[in-house]
Amino acid sequence: MGDGLRIELARVYGFCPGVRRAVQMVEDHLAREGPLATLGAIVHNAHVVEALQEKGARVAGGVCEVGEPTVAITAHGAGQEIYREIQERGLKLVDTTCPIVKRAQEAARALAQGGYTVLIYGEESHPEVRGILSWTEGKGHATMSPDDLPELATKKLAIVSQTTKDQKAFWGFVREVIARVHPALKDLRVVDTTCPETGRRYQAAVELAREVEAIFVVGSRNSANTRKLAETCRGTGVRTYFIESAEEIEPGWLSGLSRVGVTAGASTPDEVIDQVLRRLSQLGGEAA
Ligand code: SF4
């Protein structure tokens, strides 16, 4: 480890506003009213899920598994049948659906009601996409590739996106779809429902990766978003360490370095990032 090792943080990193808000809403409920069940993990991060579990937030696989008086929908949102089930069972709801996801659901619902076939650019198996699909009441299709477009016997087509998809890739998809379904198409509506937050983290990570000799990407290995962040950093050619916690850092990794960077995925809590920064300082680093 060299003298004067500088530690630099990415311009944007860690929790996005939607996840921060969801965790806060669950914590507020736990403090005020006690235990609740969350429909899936509130964040794709084991540290946060365990900490919330200790305070009384149990992860349930579906509404039928909820024994608590209150249930929380995650920031990914949910389909309308879930809302119905919650109501039928008389459960209290803490709805942490991110406002950006809500906007995508509302756009899909309004378009389907307006007679449009709604194409969702996203992965059909993703909970957010399943939720958006449900709001189209059978008039939606999810796909990631213009090669698997469903039979579109429609003159009115609308396209929306899974919020975490890359904006440029979304518009590329839109162009491909237009080229393929034209000229039958008479009416096309495109609502760009991509969220800028994920892209901002990638961009800031690339900028930092170009400035430093090694970069630490902090987050859960089961977070697709953090994995992609690490791949993006690796793609710049910088030495990249994808770590879940501060303890994984080996002193030898810093040997001979004078500038290292730190970034974190949108599901990584502040405490874990702080622990990484502390460990780097103990190993001789100084925050820039
Ligand atoms: S990434 Fe964007 S859409 Fe998803 S929860 Fe965060 S702020 Fe909301």
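Quick notes on the rules
- Residues numbered from 1 in each chain as written.
- Predicted model: local features only at pLDDT ≥ 70, side-chain atom pairs only at ≥ 80, totals over all residues.
- Heavy atoms only, no water.
- Domains from an automatic or database assignment.
- Contact = heavy atoms within 4.5 Å.
- Buried area = accessible area lost by both parts, 1.4 Å probe.
- Near = heavy atom within 4 Å.
- Nonpolar A, V, L, I, M, F, W, Y, C, P; charged D, E, K, R; others polar.
- Buried < 20%, exposed > 50% of the residue type's maximum accessible area, 1.4 Å probe, protein only.
- Helix = DSSP H or I, 4+ residues; strand = E, 2+ residues; numbered from the N terminus.
- Pairing = 2+ DSSP bridges.
- Right-handed = clockwise from strand over helix to strand, strands pointing away.
- Phe/Tyr/Trp six-rings, centres within 6.5 Å; stacked < 30°, edge-to-face > 60°.
- Lys NZ or Arg CZ within 6 Å of the ring centre and 35° of its normal.
- Axes fitted to C-alpha atoms, helices over the stretch in contact; angles between N-to-C directions.

### Description of the domain arrangement of the protein
Parsing the protein into structural domains produces domain 1 (5-14 + 197-287), domain 2 (17-98) and domain 3 (100-190). For domain 2 versus domain 3, the separation of C-alpha centres amounts to 28 Å. Tallying the contact residues gives 11 residues for domain 2 and 11 residues for domain 3. Both sides together, the interface formed by domain 2 and domain 3 hides about 870 Å², and carbon and sulfur atoms give 51% of it. Contact with domain 3 buries surface across domain 2, with H76, Q80 and C98 losing the most and accounting together for 62% of the total.

### Let's talk about the site of the ligand
What surrounds the ligand is the set C16, G18, C98, I100, T163, C195 and E197. Split into classes, the residues belonging to the shell around the ligand amount to 4 nonpolar, 2 polar and 1 charged.

### Some words on helix α5 (residues 127-134)
In terms of burial, α5 is a largely internal element, 6 of the 8 residues being buried. Taken as a whole, α5 has its buried residues at E128, V129, G131, I132, L133 and S134. Those residues of α5 that are buried are in contact with α3 (80-88), α4 (99-113), β6 (117-121), β7 (140-143) and β8 (156-161).

### Focus: the pairing of β7
Examined bridge by bridge, β6 and β7 share 4 bridges and lie parallel to one another. Among the inter-strand pairings, L119 is bridged to a residue of β7, identified as H141. Assessed by its sense of winding, the connection that carries the chain from β6 through α5 to β7 is right-handed.

### Quick word on the pairing of strand β1 (residues 5-9)
In the sheet, β1 pairs with strand β13 (residues 285-287) via 3 bridges, with the strands oriented parallel. Of the residues in β13, the one forming a bridge with L5 is G285. In this structure, β1 lies alongside strand β12 (residues 259-264), joined through 4 bridges in parallel fashion. Its bridge partner being in β12, R6 is matched across the sheet by R259.

### Focus on the packing of aromatic side chains
Considering all chains together, one arrives at 7 aromatic pairs under this definition. Aromatic side chains F170 and W171 sit 5.5 Å apart centroid to centroid with 70° between the ring planes, which places their arrangement in the edge-to-face category. Taken together through their ring pairs, the aromatic side chains of Y121, F170, W171 and F173 make up a single cluster. Lying across the ring of Y116, K156 places its NZ or CZ 4.6 Å from the centre. Between the NZ or CZ atom of R221 and the centre of the ring of F242, over which it lies, the distance is 6.0 Å.

### Here we look at the sheet that holds strand β10 (residues 214-218)
Read from one edge to the other, the open sheet built from 5 strands follows the order β11-β10-β12-β1-β13, with strand pairing classed as parallel. The open sheet has two edge strands, β11 (239-243) and β13, and neither has a second partner. The sheet shows a mean angle of 25° between the axes of neighbouring strands, direction not considered. Pairing geometry for β10 and β11, over 5 bridges, is parallel. Bridge pairing in β11 places I215 opposite T240. Sitting on the sheet, helix α8 (residues 224-235) touches β10, β11 and β12, and the angle it makes with β11 is about 165°.

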